[in-house]
Every structure is written in structure tokens, then in C-alpha cells.
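Results of the structural survey
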Amino acid sequence: MSTVLLLVITGLGLGALYFLVASGLSLIYGLMGVLNFAHGSFLTIAAFIGWEVGRRVSDGTWWGLLVSALVGMIVGAVVAAATEYFLIRRLYERHIEQALITVGLALATVALFEGIWGTDPIYTARPEWLTQTTEILGAKIPNDRFLLIVCAALVLGGIVLFLRKTRYGLIIRAGVENRSMVTALGIDVRRSFTLVFAIGGAAAGLGGVLASVYYGYVSAHLGSVLLIFAFIVTVIGGLGSLTGAAIASVLVAVLQQFANFYLGGTGDLVVVIALAAVLLVRPRGLMGKVA
Amino acid sequence: MNQQLTDSAPASTGSATEAPAPAPDGRAGGATSGRRPLVLLIGGIALVVVLAILPLLAIEIPGVLPGPTYTPGTLQLLAYAMLIAALALSYRMMFGLAGLLSFGHALFFAAGAYGLGMALEYFAPVEWQSELIFLASIVVTLIFGIVLAATVGSLALRVTGISFAMVTLAFAQAGSVLIRRNPGGATGGDEGLSLDIANVPDALVGVLNTRNLYWLSLGILVFVYLVVLWVERSRAGHVAEATRENELRVRVLGIRPYQVKFLIFIVASTLAAIAGMGYLLLQSGASPRVATADFTLTILVIVVLGGVGYRWGAIVGGIVYTLLDQRLTALAGSDFIAGLPAVLRVPLSEPLFILGTLFILVVLFLPGGIAGIPQRIRTGRKQHPVESEEAADA
Amino acid sequence: MSEPILVVDGLNGRIAGQQVVEDISFEVPASGVTALLGRNGVGKTSTIKSILGLIDRTGAVHLGGERIDRLPTHRIVQRGVGYVPEDREIFGSLSVAENLRLAERDDRPRRELIERLFPDIHARRAQRAGTLSGGQQQMVSLARALVNENRLLLVDEPTKGLAPRIVDEVAAALAEAAATVPILLVEQNLHVIRKLAERVVVLSGGRVVFTGSAADLLDDEARIQRYLGVHDATDDRAAPAHAPDHDAATAIPVADTTEELR
């Protein structure tokens, strides 16, 4: 029982990371039709700069971590918005080329990160509580899992509130459904493109800082690893659906944990099989709109 | 490589990015000048002949090649470039001709490389003639590649567009994970698989025989080119192209695009496996890198860099990319770079950074890729279809 | 007559490289309803979309004297153009209220007008628009255009596939709107055209083949035949019990639009 609980909570924590990446991917794809391969790089740059600033302010304390998280979110948002504004926008409505640009950006930036911070992981200092465990029903749960879950839940709540309660949120929801009709109502939908990139970038940036807490290190490949799973989560959840991304994040991560434990470390394979199965049975994903 | 120029000139057959002429008519344009195909055929054959006798010559191109063309190092690099070109060519057939954006092409290249390596190891204890074992291993690997392609293709092609890309990515990821996991010590995990040379013909082993491997690679490239040409000229090729342009119209004509796509998927994947086998022999081993999604992305970059609309674009892209990658790595380690201030030194010492940036610039400013440059010069600078008011308004 | 509100001069439209609108020129007067007519597939919808910049276009389009053919769609709409697209294109996942809120551009949207014109819609404000009937969705689509004070309305087949009762309701709403704003109307239903249109522009083979008063065209059976390829049903079946020419169509919405103009 305690093992199951540990696996579930660890799965939720990992799912929280997936969600932070997948939420942006899903919104960006849903609204703009852009498959953003550079999303992992938003996460990585935010993790690095967040860590660089955080350790200078106060290394290994809650205060330092908070600074890291804020800096990470800002960096993620700014880099993402700049990507949209300077690169993606130039290829308006040319989805393949837009995806290709992000591929090039991902390759170039990962190489750049390696050049600056090296190829090896850099181990980070964390507040002490995060390195300890809490016992729940006999299961010793590492505390960082709770932080991840809480943060992802806050982000999910925040984005949902934004989408439901603000005019921009309304525009984004409408744009995901029928972008050209939104412009035909006199709305400059491109402004919300930049906004969606910024939101996705901020979530990924927070994800980057939290990933460095979860894994205990930062590295140039932090984003690339998470990106593949985030893609899978996005597709399983249904492209463009935030709720779908949230549900799929948890399902995928928990499934992965259980397979890793009970099926001899086959978590990655099981996830891939799950993706193939979902796509074949229900090509639009769990919550995707009818394409 | 014989006829590659034939259709680049008239209408960039199957150009996804430029499409200067209506696609269905593009092919007919080849007949406008009756003599050109012949000239180009001869030119193509001449080019292959020149490439074939390169190992016997001592041509030096400083800055591009690491040494004279007869040296093993240079031949090795050129052979590798040609195999990558062959792989890119097979990918272009799928992406450029049939419009199938796969993120799993590396899987089949890896299947060829690892398949042959594992087959050779598996057959090693068998008491057959060495040549027979080598041949049997190749046949087994080919069959494995075809079965794998048929399996993945039949599943992935049930969905289209981005979902297709994702399913192929998922399979490739599974393959990559399997290879890294090293089940039963068969793949060598992160270390990679080293070639068991016991049953490989002596002519294909050792530094001194690099020129044989070079010729083998050239042969693979020419073979892949001819197969791709044959598929494109076939009825299936025409249907695939028409499907890419307008699937509905093809369906209305009563043709089922699925079968054509499936066929092209299998042929392209098998060609990738063949290139993979050449890679194993050339490198005397296989590295798990060739199974990763990054490797597929690299192939995609190569095809786009060369020009999606052109067969020879994939070849040019493959060769340019490989040489750039190699030379940039050499440049990164040079004294010149080491002497630069950090702001310049760090990015310039990362070949992938330069290639990635170059790629972005090509996508933004050179939609036809390298192979599209002559076309652009002929027709004048083609306006990017970014609407002018969009830019002005931004 | 005063200056026309819309002047289209040499308009060309392209979808995926294919020419769908070819060198079209016409004007829309500053008041009343101008009907854009022609057989199916002649490019009426594409013309509307070209004017709005929803598809690639070239040629000159002036709105109230200002050139708008180089502006992006949202800028054109912001200059006071209301658009009711073919097939309604309401946002099915949003509520009715959200659909309307999204459309509101003015500081003082005309919510009372919408409430009065479409009480049914108002009652269903909280409902998801995707769950409405076709007629109700059309009301939402119309309401999105009427909620703002516009200088021109582009209305594309508002009665397509609707039951006769709803057709009348839509026509009444359009008639009321037409009292204050000029309308360019694409419509297949000759009965509705008779009721609303003052002028007609007829397209054939992607070109304008007739412009003039609606009466001139509609009173001339031969012209109707030639331009629209139809037999004007309203003249033959004048029997009042036969509530105009639509009764058979309700069951099969697609047949509704094609029946008359074939």
C-alpha cells in the first residue's frame, strides 16, 4: 500500500512537471497550429537563469528558490514572447515552416546552453525541507513532490481563471475554435498569439525551476527530455485542450511510475504504447476538439 | 545522381514550399527541351564517374576537406556524407513527395545499422561460409526493416497530420529507449554496438580499405537515388503527389491514398535501413544517437536546408550539412576561435548552434533551400507569401 | 443618391493559389439592401471573404472613400463592417453570452436591440452555443453583427437551411437593420430577396454580369432564367395558402437552398 501511495504521489509530481510544459504547448498548438519544438528551450533557459540569480541572492533557501521561480517565469515568458514576435510571426499561417523554425531554434539553443554551461549536469542546492521526506500512511514521500503538485495546481487554476474571466481568455478560447472568425469580429488575434506564447513560456519557466528541484540539477538537456513527454501528454490529452493536458499529464506520469516499478523499468515504453493506443482508438485525444 | 537536374529546372517537381508552377503540369514541363534530359543524363553519369575515381586522385580543397581525396580520413568523411545524403533522399521522398511529416525516420536507419550488427553477431557461431553469413545477415536485416516499416506504417497512417508525426515519434522514441536499455546486451546501450568483423568481407574492413567503403557508400547513394526516381515517376508517385496537393480530389477519383502512402512509407523506410547498413560498415559500429528524435530532426533540417522541392536538394543538403558539421567542429577547436572574446567564442565553438541558426535563416529567407537558389535567380526574388499589410501592421 | 458606402474595383481572390474571384467591380449604395446573386459556386461567398481580407486578394476596395484592400481583416471590421458568415460560424464551445460579448466592439453595445430582436436568444444566454438549433445559431450570428453600430453589413446566406418560420424571422430582423445600415446580402431565396433588396449585383463565371434595381431583374423572367438559372417560383405559385415556395424544404435543409436556384 505504501508503495502504491509513493508511486501515485511521485507520479503526480512528475505529472505536474509534464503539465507545466504541456499546458503551453497545447494552448499554442490549439490557437495557432504551431508545434513548438523550442518549448523545451524556454524551460531550460529559465532553469539556468533562475538558478544563476537564485543562488546569488540566497543559495539553498526558500527565499532563493522563490526568486529563482519568479525569475524563471519572467525569463520563460519574455523569451517565448520574443520567439513568437520575431520568428514565428514572420511566417504567419505557414505551420510547417513555423514548426521548422522552432526545430532550428531548439537545436541552436541547446548547443548554446552547452557552450555556456557545459554538457554535464550542474547540481543545485535546495532548501533543506525539500530534500527530506514526509511519512503518509507508511509511505515516505519526498517533500519536493508536494511543492510540484501545489505549483502545477496553482498554474492550472490560474490559467483556467484567466481563460474564463478575462477578455483575452475569451479571445483565446474562441481562437482555438475558429481563429479566422475571431478576426472577422474585429479582433487582432495576433496579439493573443504573443500572449499565449508568454503564458506558455512562463509556465515552462516555472517548470524549469521546479524540474531542477525535482532532479536536483540543471543541464542543457533538461528541456529536451521533458519536451518529448510533454508532446505525448499534449497529444493524448487532445491538442488545444488545457483540461485534457492536465488529465493526460497525471495519467501518463502515474502510468510511467507504475510501469517503472512493477514492469522492470519499462515506463517510457509503456507511455509510448499508450500514446499509440490512444491515437489509434481516439485520434483527437481524450478531450480534443473534432479536427 | 544522373538525372537530378532534369526536373529541378522545369518546375521543381513536387515543391512543397515554392510551387512556382501548378503542380500537376510541372512534370510535363520536363519535355520542353528534348535535348536537356540527355545532356543531364550524361552529366549525371559523368558526375558519378568523377566521384567514383576520386579515391584515385589527389585533389585538395583546403577548408572543405580535411586532406587530399585519396586519404582515408577524407574518404571516410565523404562516404559518411553520401550515406547521410541517401538517408535524406529517402526522407524527402516521404516528406516532400507524399507530404508525410514523420518524426521517426531515424528508427529505420537505426534498424538497418543495429539490425545488421546484431544479425552478424547472432550468426557468428554458425558454421557457414563467411560470405554466406554476411549475405544472410543483410537479407535478414532487410526483411526486419520491411516488417518494421509495415508495422509502424500501418498503424501510423491510420491518423494524419500532426498525429501521424506524433505516432512516428512515439515509435522512434520506443526504439531509442530499447536500444539504450541494451536488452540482453544486444545493442551495447549507451556505448553503442561495435561491428563484429568475423564474417564481414576483408575488403570492407580496416582503414586501408576505406576506399572500398567509399565506393559502397557511393553505390548505396546511386541505388537510393534510382529507386526514389523510379517511385516518383511511377503511378504511385503521381498519386502521392496529387494526394499531398488535394487528398479529397484523389479520393473522388476513386483512388485510395492510404495504399500509396503506405507503399511510399515502406520504400522510404527500407531505403533508410539500407543506408543504415552502410553506416554500420563504414563506422565499424553504431551509436545510439542515430535512433534519437534529434537525429530525425537533423535529417529534416538537411532536407529543408537542401530544398524540399528538389531531389538533388536532399543530396546537396546531406553533403553540405555533413561537411559543415565536420568542418565547424574542426573550426571550433582552432586557435582562431580560442582567441576570440567569450561572447563570440562560445557560440562559434558550437557547430550545432551555427547550423541551427543557419537553418532558421534558410527557412525565413530562402524557402526553396539551397537547391532553390538557381530557380530564384531565374525568376527573380520571389515575394515571401507573408502578406505585406501583416508586416506593416505588426 | 449619395456616395456609395462600398466600391469594389477589379477585385481578385485566391484560395490556395486557385482564382475564385476574378476582376469583380460593383458598388453598394449607402442605404438599403444590395443583393449579390448568382448560381451556386459562382464566387459570392469568396467575394465577401475577399472584401474582408479573409482570403488572399488584390484590387481596390473602398469603404466610405477609404481604401481598405490592404488592411488586415480585423482593421476592416473595426472600421464598421459587420459580418454574418455563411454557415453561421458561431463559437460552439462558448456560451451565447460569450459569443455576443466577443463581438462587442463599441463602448455602448446595443444589447437592448438584441434582446428585442431575438428574445429567444436572450433567454438562452448561458447555454453553450454549440447546443443551439440551426435557427438559433443564425440568430446569434446575426446578433453578433447587429450588436455594434456598423456602417455596412456583409450578410452571407442568412436563411440557408432554415425552416420557413425562421426565415421570416431572419428577414424581419434584416429589414429592421436595413433601416439604419446598408447591407450587402448574399441570398438564394428569391422570396427574401424580393422582400428586402432594392438593388442586385449578379455574378456569373466569376464576373459581374448585371447590376441594377432589384425590380428590373426580378420582373424579368428571362433574365432570372439566364442569370440565376432558376424558375422564379413565387410568380407561379402565387396561391397565398402556399406560404411562399419553401414548404417542402424544411425537412432537407440542403435541398432548400438549391431547389429554387437550379
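Residues numbered from 1 in each chain as written. Chains lettered and ligands numbered in written order. Predicted model: local features only at pLDDT ≥ 70, side-chain atom pairs only at ≥ 80, totals over all residues.

Basically, it comes down to this: UniProt positions are given in the numbering used here, feature names are shortened, and annotations may be inferred rather than shown by experiment.
Under an unreviewed UniProt entry, chain C has the name ABC transporter ATP-binding protein and belongs to Agromyces humatus. Under Sequence similarities (unreviewed entry), UniProt gives the following word-for-word description of chain C: "Belongs to the ABC transporter superfamily."

In the nomenclature of an unreviewed UniProt entry, chain B is known as Branched-chain amino acid ABC transporter permease of Agromyces humatus.

**Digging into the overall build of chain C**
Here is the rule: Secondary structure follows DSSP: runs of H or I at least 4 residues long count as helices, runs of E at least 2 residues long count as strands, and numbering of each begins at the N terminus. We call a residue exposed when 12 or fewer other C-beta atoms sit within 10 Å of its C-beta, buried when the count reaches 20 or more, and partly exposed for counts in between; the C-beta positions come from the backbone.
Tallying secondary structure elements over chain C gives twelve helices and ten strands in all. Out of the 262 residues belonging to chain C, those deemed buried represent 46%.

**A look at the overall build of chain B**
For clarity, the cut-off: Contact between two residues is assigned whenever their backbone-derived C-beta positions fall within 7 Å.
Helix and strand content of chain B: 18 helices and two strands. Among the 394 residues that make up chain B, the fraction classed as buried is 47%. Considering only contacts in chain B between residues 6 or more positions apart, those separated by 24 or more positions represent 74%.

**Digging into the sheet that holds strand β2 (residues 18–28) of chain C**
Residue and element names in this part refer to chain C. We count it as follows: Here the rule is simple: two strands pair whenever DSSP picks up at least two bridges between them. Geometry is summarised by axes, namely lines fitted to C-alpha atoms with helices restricted to the contacting stretch, and by angles between N-to-C directions that run from 0 to 180 degrees.
With antiparallel pairing, four strands are arranged side by side in an open sheet as β2-β1-β4-β5. The sheet is open, and its two borders are formed by β2 and β5 (66–67), each paired with just one other strand. When strand β1 (residues 6–15) meets strand β4 (residues 56–63), the two strands line up antiparallel, connected through seven bridges. Counted as the bridge partner of Gly 13 is Arg 57 from β4. The strands touched by helix α1 (residues 44–52) are β1, β2 and β4; relative to β1, the strand with the most contacts, the crossing angle is about 105°.

**Some details on the interface of chain A and chain B**
Here is the rule: Polarity classes work like this: nonpolar for Ala, Val, Leu, Ile, Met, Phe, Trp, Tyr, Cys and Pro, charged for Asp, Glu, Lys and Arg, and polar for all others, with Gly in that last group.
Opposite the 32 residues of chain A that make contact, chain B presents 33 residues. Of all the elements in the fold, those that place two or more residues in the side of chain A that touches chain B are α4 (95–117), α10 (222–237) and α12 (267–281) of chain A. Ranked by residue count, the leading element in the side of chain A that touches chain B is α4 of chain A, at 13 residues. Residue composition of the side of chain A that touches chain B, grouped by class: 25 nonpolar, two polar and five charged.

**Some points on the packing of α10 of chain A against helix α11 (residues 242–262) of chain A**
All names here are of chain A. Here is the rule we go by: For classification purposes, an angle smaller than 35 degrees is called roughly parallel, one larger than 145 roughly antiparallel, one from 65 to 115 roughly perpendicular, and anything else oblique. If you view the pair so one helix is near and one far, a crossing is left-handed when the near helix is turned anticlockwise from the far one by less than a right angle, and right-handed when it is turned clockwise.
Closest axis-to-axis distance for the α10/α11 pair is 8 Å, and the angle between their directions is 120°. Viewed along their axes, α10 and α11 adopt a mutual orientation that is oblique. The interaxial crossing formed by α10 with α11 has right-handed handedness. The segment α10 lies against α11, with Phe 229, Ile 232, Val 233, Thr 234, Ile 236 and Gly 237 engaging Gly 244, Ala 245, Ile 247, Ala 248, Ser 249 and Val 252. A class-by-class count of the residues in the contact of α10 with α11 yields eight nonpolar, four polar and no charged.

**Digging into the pairing of strand β6 (residues 81–84) of chain C**
Where a strand is regular, its side chains alternate between the two sheet faces. All names here are of chain C. Burial along β6 is two-sided: the face carrying Val 81 and Tyr 83 and the face carrying Gly 82 and Val 84 are both buried. Taken together, the four bridges between β6 and strand β7 (residues 152–156) define a ladder with parallel strand orientation. Counted as the bridge partner of Tyr 83 is Leu 154 from β7.

**Digging into α10 of chain A**
Cut-off, in case you're wondering: Here a helix's expected span is defined as the number of its residues, less one, multiplied by 1.5 Å.
With 16 residues, α10 of chain A extends 22 Å between its outermost C-alpha atoms, agreeing within 8% with the 22 Å of an ideal straight helix rising 1.5 Å per residue. Taken across its 16 residues, α10 of chain A has 14 buried, putting it largely inside the fold.

**Here's the deal with the environment of Val 53 of chain A**
Residue and element names in this part refer to chain A. With respect to the helices, strands and loops of the structure, Val 53 is situated in helix α2 (residues 39–58). As for Val 53 and Ala 69, which are separated by 16 residues in sequence, their C-alpha atoms are 9.9 Å apart. Ignoring anything within four residues of it in the chain, the contact list for Val 53 reads Val 67, Ser 68 and Val 71.

**Some remarks on the domain arrangement of chain C**
Many authors give the size of an interface as the accessible area that is lost as the parts come together. Residues and elements named next belong to chain C. So the rule is basically this: The domain limits used here are those given by an automatic or database domain assignment.
Domain annotation for chain C reports domain 1 (6–80 + 150–261) and domain 2 (89–148). At five residues, helix α7 (residues 164–178) tops the list of elements feeding residues into the side of domain 1 that touches domain 2. Considering only residue class, the side of domain 1 that touches domain 2 consists of eight nonpolar, three polar and one charged.

**Section: helix α10 (residues 221–228) of chain C**
Residues and elements named next belong to chain C. Spelled out, the test is: Think of it as the arc spanned by the lines of direction from the helix axis to the C-beta atoms.
Taken together, the buried positions of α10 are Ile 224, Tyr 227 and Leu 228. Around the axis of α10, the buried residues are gathered within 85° of arc, so they sit on the same side. Exposed residues on α10 whose side chains face more than 90 degrees from its buried face are Ala 222 and Gln 225.

**Details of the packing of helix α7 (residues 167–177) of chain A against helix α9 (residues 189–215) of chain A**
Residues and elements named next belong to chain A. As a packed pair, α7 and α9 sit with axes 10 Å apart at the nearest point and diverge in direction by 100°. When the interaxial angle is binned, α7 and α9 end up roughly perpendicular. Contact residues: Tyr 168, Ile 171, Ile 172 and Gly 175 in α7; Val 189, Ser 192, Leu 195 and Val 196 in α9. When grouped by side-chain class, the residues that make up the contact of α7 with α9 number six nonpolar, two polar and no charged.

**Some details on the interface of chain C and chain A**
Taken together, the contact pairs 19 residues of chain C with 14 residues of chain A. Listed by contribution, the elements that provide at least two residues to the side of chain C that touches chain A are α2 (73–78) and α3 (96–103) of chain C. Split into classes, the residues belonging to the side of chain C that touches chain A amount to nine nonpolar, five polar and five charged.

**Thoughts on unusual backbone geometry**
All names here are of chain C. The phi dihedral of Asp 23 falls on the positive side, at around 45°, and the residue is not glycine. As for its position among the elements, Asp 23 is in strand β2. The phi angle at Asp 87 is positive, at roughly 60°, despite the residue not being glycine.

**Here we look at the confidence of the model for chain C**
Reading predicted coordinates in detail is not appropriate for stretches of low pLDDT. All names here are of chain C. For the record, the criterion: The score called pLDDT rates the predictor's confidence residue by residue, from a low of 0 to a high of 100.
The share of residues in chain C with pLDDT of 70 or more is 86%, and the mean pLDDT across the chain is 82. With pLDDT under 50 throughout, residues 233–262 is counted as low confidence; its partners more than four residues away or in other chains account for 41 contacts. In the predicted complex, the global pTM is 0.80; the interface-specific ipTM is 0.86.

**Focus on the pairing of strand β3 (residues 139–142) of chain A**
Note that strand β2 (residues 133–136) of chain A and β3 of chain A share four bridges and pair antiparallel. Looking at β3 of chain A, one finds that Thr 134 of chain A is bridged to Ile 141 of chain A.

**Looking at the sheet that holds strand β10 (residues 207–213) of chain C**
Residues and elements named next belong to chain C. A sheet is described by the order of its strands in space; here six strands give the open sequence β6-β7-β8-β3-β9-β10, paired in mixed fashion. Looking at the sheet topology across the chains shown, the edges are occupied by β6 and β10. Taken over all neighbouring pairs, the strand axes of this sheet differ in orientation by 15° on average, direction set aside. In the sheet, strand β3 (residues 33–37) pairs with strand β9 (residues 197–204) via five bridges, with the strands oriented parallel. Each residue of the ladder has a partner; that of Leu 37, found in β9, is Val 202.

**A short note on the environment of Leu 152 of chain C**
Residue and element names in this part refer to chain C. Of note, Leu 152 is situated in strand β7. In this structure the C-alpha to C-alpha distance between Leu 152 and Arg 79, which are 73 residues apart in sequence, comes to 9.4 Å. Those residues in contact with Leu 152 that sit more than four places away from it in its chain are Ile 5, Leu 6, Val 28, Leu 63, Gly 80, Val 81, Val 181, Pro 182 and Leu 184.

**Section: the environment of Glu 98 of chain C**
Mapped onto the elements of the fold, Glu 98 of chain C is located in helix α3. With 28 residues separating them in the primary sequence, Glu 98 of chain C and Ala 126 of chain C have C-alpha atoms 8.5 Å apart.

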